[in-house]
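Examining the three-dimensional arrangement
Each chain is listed here by its residues.
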Amino acid sequence: MQRDIFSQKTLKIFLIALAVMVYPSLGSIFPLFPPLIGVVYILWANAIKEKEYIFVFLWILYTIVFESIWGLPLYFLMVTMLVMYTVIEPKIYHLLHANIFLKLIRVAIFDILYFIFIEGYEILMGKDIISESFVLIYYLLIDLAGVILL
């Protein structure tokens, strides 16, 4: 039996909305639960390219929920996504054309750029947001593995 495309899309929207609300909360309970911000960036960029604006909104909602639960500066993740998508990514596409390699580079640059923004905020405000740098490396590796599995 085949489902119509509307039911499939509605189910996908519901599951993503549920994940947006539950997954960041689980990350605050279990500190080594990776936030997958690089994977979210790739899904967000793909949603923009496919003009699926409900999914663009859901992934932006994920970033807001993630930053508010973890106590990070609000909208830094969204700004990082926009800078990466509009400034850096077109240059990467121009230089490279290998699909999986391109995804890995996009996620690595995105994560590093976001971590640089967080470090800059820490220096500017004199606050210590993320004290464990090995956790950031762990998050980067999980993001890279997640993109390979996409």
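Our subject is the structure listed above.
Report on the accompanying structure. (Residues numbered from 1 in each chain as written. Predicted model: local features only at pLDDT ≥ 70, side-chain atom pairs only at ≥ 80, totals over all residues. Heavy atoms only, no water.)

Re the pattern of salt bridges
Enumeration according to the criterion identifies three salt bridges in this entry. Across the salt bridge formed by R106 and E89, the nearest N and O atoms sit 3.2 Å from each other. With R106 in helix α5 (residues 99–125) and E89 in helix α4 (residues 76–95), the pair connects residues that are 17 residues apart, well separated along the chain. Accessibility expressed as a relative area gives 3% for R106, which makes it buried. Overall, E89 belongs to the buried group, its relative accessible area being 2%. (Salt bridge = Lys/Arg side-chain N within 4 Å of Asp/Glu carboxyl O. Helix = DSSP H or I, 4+ residues; strand = E, 2+ residues; numbered from the N terminus. Buried < 20%, exposed > 50% of the residue type's maximum accessible area, 1.4 Å probe, protein only.)

Quick look at unusual backbone geometry
Within the chain, K51 stands out as a residue other than glycine whose phi angle is a positive 60 degrees. Among the structural elements, K51 can be located in the loop between α2 (37–49) and α3 (53–70). On the basis of relative accessible area, K51 is assigned to the exposed category, the value being 57%. With a phi angle near 75 degrees, Y75 is a residue other than glycine that sits in the positive phi range. Structurally, Y75 can be placed in the loop between α3 and α4. On the basis of relative accessible area, Y75 is assigned to the partly exposed category, the value being 44%.

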